[in-house]
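Working through the structure, step by step
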Amino acid sequence: MERFYRVLWVFMVLLFCWRDIINVEVVDGSHLVLEDLQSVSAAVVDTKYKTGYHFQPPEHWINDPNGPMYYNGVYHLFYQYNPKGAVWGNIVWAHSVSTDMINWRAVDPAIYPSKPFDINGCWSGSATILPGNKPVILYTGVDPQNQQVQNIAFPKNLSDPDLREWVKPDYNPIIAPVDGINGSAFRDPTTAWLGPDRRWRLVIGTKRRSRGVAVMYRSKDFIHWVRAKHPLHSAAGTGMWECPDFFPVAMRGVRGVDTSEYNGELKYVFKVSLDLTRYEYYTIGSYRRDLDKYVPDGASVDNGSGLRYDYGNFYASKSFFDAGKKRRILWGWTNESDSRQDDIDKGWAGIQTVPRAVWLDPSGKQLIQWPIEELERLRGRLVSVKNKVLRSGGLVEISGILTSQANVVVSFEVTALVKAERFDPSWSDPQKLCERKGTEAKGGVGPFGLLVLASSGKEEYTSVFFRIFKSPTKYVALMCQDPSRSSVRAGLYKPVYGAFVDVDIKRNGQIALRSLIDHSAVESFGGEGRVCITSRVYPGMAVGSNAHLYAFNYGAEDVRILDLKAWEMKKPLMNGA
Ligand code: DQQ
């Protein structure tokens, strides 16, 4: 028996060390608390892997985007920030403002622990624009008993375009974990929406045993909230639901919809961040206003095999309606995948992915995401390749620009599909399939795609590619992003990511890829935004002007580059960095 416990103990220690290395958090309350490190200020900020055009502050730790909003011509992004160190802790709502969501100016933190209702933490939440154009924030505070409560904050001065100061009334908390709610798993209020009875609704993430729950509250005045008898939605076996998001999408077109808008032409999106897996899932469905219930469509599943905004390193996302350009914008956090010690040595950790516009795919079965058009203003020097056949085994270097901070858009043509490998119906997990059939494994049609952040001798590269398979009824397109060769350095977490892309390759034989390369970030969009995959990589050699970019085809069948454009990306104003 004693031996059993010793073995169990060793196993637990190993598990903890491993999760630490890969930055997976294990503490209830979602983030690993490293008390001895959370107030160790960055001695220097190492810029080698700093991204050029992804959102980040000059130093220290960031996580979830909070309360994004558009108010009087200004975009606001708040985010979970540790002002004192490069690991999670001392969290405040840092605040940046912008007129284009590309160039950012930091202002003082908007919300920080100062009152009993948030003295132990100011955690994630959302903004709502109330009638009369009045923004308000709802966020989770952690009280002296370490209970998670929901608080409200108002701008002190509505005529300050930056909305720099926020007031937290003393009547907070406005929602407490009572009547059987677990106070250590009750957080991240959504943007509220108005129902037909003129009452506001919002949901908060929680769990009941292992069931993930979006508990709903209603209010007439936005201050007094009453819990609804039934949650908006819940799902067995999914664990704690962090950062829920719920919003309508138009059935046709790219127009975004305000969270309170309601008409017969809308579908709804419900997203949760699963603390158990540290991945996010969304479903598409209907909002039964008569029952105040969200009902996912039949084909839209609620669990680990469901749809994801991003099949890579992406968590705690939040969307908002941009009333200026009438679009829905999605922000998401991308964590580091180097070691904790690397983060401390770098003096910083975490970025936000580029803001993406989201809308419903015409199939109605999934969302499309695309970097906001403003990003294109950063495009600098351009190189292009047109109409070039990539023979089997072919590799073409795309040179003439700095490719460590770049944006590549390429459309491939694959007309001959006879050599496509047979698709085995048991291959239900695309990530595993990408692991099994990596970049080097020659296929029938594909792998073809890009090698980014590659060293000149190809000792290092991150590959982004497609493989086309043939099933009895259709062709199946697989997209993979594989950083397993991204660095010769040891101690890095380099997971291979993958997803099936819902494109009809038979129709015109084309498939497109866009990759945003930014030093240590590779954010890729396959099939015109049907699949997004983000990875963090830390090359030892393929850094700065030593980074190379290639298009490749390691399949048996030839592939044609119809059009490839690669732009060097300029650096925007980024919070004073
Ligand atoms: N991060 C916040 C929580 C949220 C989690 C704390 C998700 O409110 O549940 O920093 O990453």
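Residues numbered from 1 in each chain as written. Predicted model: local features only at pLDDT ≥ 70, side-chain atom pairs only at ≥ 80, totals over all residues. Heavy atoms only, no water.

As annotated in an unreviewed UniProt entry, the chain carries the name Beta-fructofuranosidase, insoluble isoenzyme 3-like and is attributed to Iris pallida. As its UniProt record puts it under Sequence similarities (unreviewed entry), the chain is described as follows: "Belongs to the glycosyl hydrolase 32 family." (UniProt positions renumbered as here; feature names shortened; annotations may be inferred.)

The next subject is the overall build of the chain. Looking only at helices and strands, one finds four helices and 37 strands in the chain. For the chain, whose C-alpha radius of gyration is 23 Å, the value lies close to the compact-globule estimate of 25 Å for 577 residues. Seen through its principal axes, the chain has C-alpha atoms that stretch 70 × 65 × 55 Å. Put simply, 64% of the contacts in the chain that link residues at least 6 apart link residues at least 24 apart. In the chain, the 70 positive side-chain charges and the 62 negative ones have mean positions that sit 5 Å from each other. (Helix = DSSP H or I, 4+ residues; strand = E, 2+ residues; numbered from the N terminus. Rg over C-alpha atoms; globule rule 2.2 N^0.38 Å. Contact = heavy atoms within 4.5 Å. Lys, Arg positive; Asp, Glu negative; His and termini not counted. Charge placed at Lys NZ, Arg CZ, Asp CG, Glu CD.)

This part covers the domain arrangement of the chain. In terms of domain boundaries, the chain breaks down into domain 1 (6-371) and domain 2 (378-569). Taking the mean C-alpha position of each, domain 1 and domain 2 sit 31 Å from one another. Contacts between the two partners involve 36 residues from domain 1 and, on the opposite side, 35 residues from domain 2. For the pair domain 1 and domain 2, the two sides together bury roughly 3,100 Å², of which 54% comes from carbon and sulfur. The largest share of the area that domain 1 buries against domain 2 comes from Tyr49, Tyr53 and Tyr311, three residues that together contribute 25% of it. At the junction of domain 1 and domain 2, the tally comes to four salt bridges. Close ionic contact of Arg530 with Asp361 constitutes a salt bridge, the shortest N to O distance being 3.1 Å. Inspection of the region where domain 1 meets domain 2 yields 24 residue pairs in polar contact (both at pLDDT 80 or more). Sorting the residues of the side of domain 1 that touches domain 2 by element identifies α2 (340-346) and β24 (367-371) as the ones contributing at least two each. No other element matches β24, which puts five residues into the side of domain 1 that touches domain 2. Taken together, the residues of the side of domain 1 that touches domain 2 break down into 15 nonpolar, twelve polar and nine charged. (Domains from an automatic or database assignment. Buried area = accessible area lost by both parts, 1.4 Å probe. Salt bridge = Lys/Arg side-chain N within 4 Å of Asp/Glu carboxyl O. Polar contact = N/O pair within 3.5 Å; in protein donor to acceptor, adjacent residues only side chain to side chain. Nonpolar A, V, L, I, M, F, W, Y, C, P; charged D, E, K, R; others polar.)

Attention shifts here to the UniProt feature "domain: Glycosyl hydrolase family 32 C-terminal" (unreviewed entry) in the chain. The UniProt record marks residues 374-568 with the feature "domain: Glycosyl hydrolase family 32 C-terminal" (unreviewed entry), using the residue numbering of this structure. What you have in residues 374-568 is 6% helix and 49% strand, and the ends, taken at the C-alpha atoms, are 15 Å apart.

Near the ligand you find 14 residues, and of these His31, Asp64, Gln80, Arg187 and Asp188 are the closest. The separation between a nitrogen atom of the ligand and a polar side-chain atom of His31 is 2.7 Å. The fraction of the free accessible surface of the ligand (310 Å²) that becomes covered by protein chains is 100%. Looking at the shell around the ligand, the elements that each hand over two or more residues are β1 (60-71), β5 (122-130) and β19 (315-322). In terms of residue class, the shell around the ligand is built from four nonpolar, five polar and five charged. (Near = heavy atom within 4 Å. Areas by Shrake-Rupley, 256 points an atom, 1.4 Å probe, with all protein chains shown as cover.)

With that out of the way, let us pick up the pattern of salt bridges. Scanning the entire structure with this criterion turns up 38 salt bridges. Two residues, Arg327 and Glu374, come together in a salt bridge whose shortest N-O distance is 2.7 Å. A residue pair is termed long-range when its members are at least 10 positions apart, and Arg327 in strand β20 (residues 327-334) and Glu374 in the loop between β24 and β25 (379-390) qualify at 47 residues. We note that Arg327, like Glu374, is buried. Within the structure, one salt-bridge network assembled from shared partners comprises Asp322, Lys325, Arg327, Glu373 and Glu374. (Buried < 20%, exposed > 50% of the residue type's maximum accessible area, 1.4 Å probe, protein only.)

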